[in-house]
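Secondary and tertiary structure notes
Here are the chains, one letter per residue:
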Amino acid sequence: MHTESARAQWLKPTSQETGVIIISNADLPEYIIDTINTEISDWEQVAHLVIKQSTQLEEEWLDAESRALSASKPSSSEANGLLSSIPKTCHLLDVEASQRAHLSWLGSVCGHKLHFFGLQQTTEPEPSKASMDLQVEEILAATQHLVKSYLQDHFMSPS
């Protein structure tokens, strides 16, 4: 079950095979988001979640956590709904257009391992297709590294 809203959207939903979830802010160039989705379309271990309203989502989660703590009960927020059905063994890859991790708090929602990937800032007013293709390749390489780690942790027997 995946929660969809004005604040977040699963572009590629999780499955039982998912070990890595790419989480990106909607402020990434549309070309990068679309190209990532095309490249991971057949990659069963990878899902993609786009956060459209990160500040509001975070504020709601913090408020829910605060209320739950004072009431001594589990919290309930949209962020919990997005991530609660995902095993804690999944890796989250936070892909951001800046060197600041605006979405890093998502790792704390349900206790997932979160990895940050900040795109290189270009001096170009509008990034070229070639520079965006290079950034997508770097994101996919980081994703591949996390998938390999996930698969080794879960399916390889210790020697």
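Residues numbered from 1 in each chain as written. Predicted model: local features only at pLDDT ≥ 70, side-chain atom pairs only at ≥ 80, totals over all residues. Heavy atoms only, no water.

1. Overview of helix α5 (residues 129-155)
Here is the rule: Every helix listed is a DSSP run of H or I at least four residues long, and every strand listed is a run of E at least two residues long, numbered separately from the N terminus. Helix span, expected: 1.5 Å multiplied by one less than the number of residues in the helix. Each residue is assigned to one of three classes by its accessible area relative to the maximum for its type, calculated with a 1.4 Å probe on protein chains only: buried under 20%, partly exposed between the two thresholds, exposed over 50%. Contact between two residues is taken to exist if any of their heavy atoms lie within 4.5 Å; hydrogens are not considered.
With 27 residues, α5 extends 38 Å between its outermost C-alpha atoms, agreeing within 8% with the 39 Å of an ideal straight helix rising 1.5 Å per residue. Listed in full, the buried residues belonging to α5 are S131, M132, Q135, V136, I139, L140, T143, L146, V147 and Y150. Buried residues along α5 sit against β2 (20-25), α1 (30-40), β3 (46-51), β4 (91-96) and β5 (113-118).

2. Points about the pairing of β4
Keep this limit in mind: Should DSSP find at least two bridges between two strands, the strands are taken to pair.
The buried fraction of β4 amounts to six of the six residues, a majority that puts the element mostly inside the structure. The two faces of β4 match: H91, L93 and V95 on one face and L92, D94 and E96 on the other face are all buried. In terms of strand pairing, β2 meets β4 through five bridges, oriented parallel. Looking at β4, one finds that V20 is bridged to H91.

3. Topic: the sheet that holds strand β1 (residues 8-12)
Heads up, the rule is: What counts as an axis is a line fitted to C-alpha atoms, over the stretch in contact for a helix, and the angles between N-to-C directions run from 0 to 180 degrees.
The sheet built from five strands is open, its strands ordered β1-β3-β2-β4-β5 with mixed pairing. What marks the edges here is a single partner per strand, and that holds for β1 and β5. Neighbour-to-neighbour, the strand axes of this sheet turn through a mean angle of 25°, independent of strand direction. Lying over the sheet, α1 contacts β1, β2 and β3, oriented at roughly 160° with respect to β3. The sheet strands contacting α5 are β2, β3, β4 and β5, and the helix crosses β4 at an angle near 170°.

4. Considerations on the nonpolar core
Rule in force here: Take the buried residues of types Ala, Val, Leu, Ile, Met, Phe, Trp, Tyr and Cys, join any two whose side-chain atoms come within 4.5 Å, and each joined set is a nonpolar core.
I21, I23, L49, I51, W105, L106 and V109 are the most contacted members of the largest nonpolar core, which totals 20 residues. Only β1, β2, β3, α2 (54-71), α3 (78-83) and α4 (106-110) provide two or more residues apiece to this core. Every residue in contact with L49, bar those within four places of it in the chain, is listed here: A8, Q9, W10, I21, I22, I23, S24 and L82. Counting residues in hydrophobic clusters, the runner-up holds 19 residues, among them V20, I22, V46 and I139.

5. Structural notes on α1
Burial in α1 covers these residues: I32, I33, T35, I36, N37 and I40. Summarising the contacts, the buried residues of α1 are in contact with β1, β2, β3 and α5.

6. Digging into the pattern of salt bridges
Basically, it comes down to this: The term salt bridge refers to a side-chain nitrogen of Lys or Arg lying within 4 Å of a carboxyl oxygen of Asp or Glu.
Tallied over the entire structure, the rule returns four salt bridges. Across the salt bridge formed by R7 and E78, the nearest N and O atoms sit 3.5 Å from each other. One end of the pair, R7, is in the segment before β1; the other, E78, is in helix α3, and 71 residues separate them in sequence. Judged by relative accessible area, E78 falls into the buried class, the value being 15%. In this structure, D133 and K129 form a salt bridge, with 3.5 Å as the shortest nitrogen-oxygen distance.

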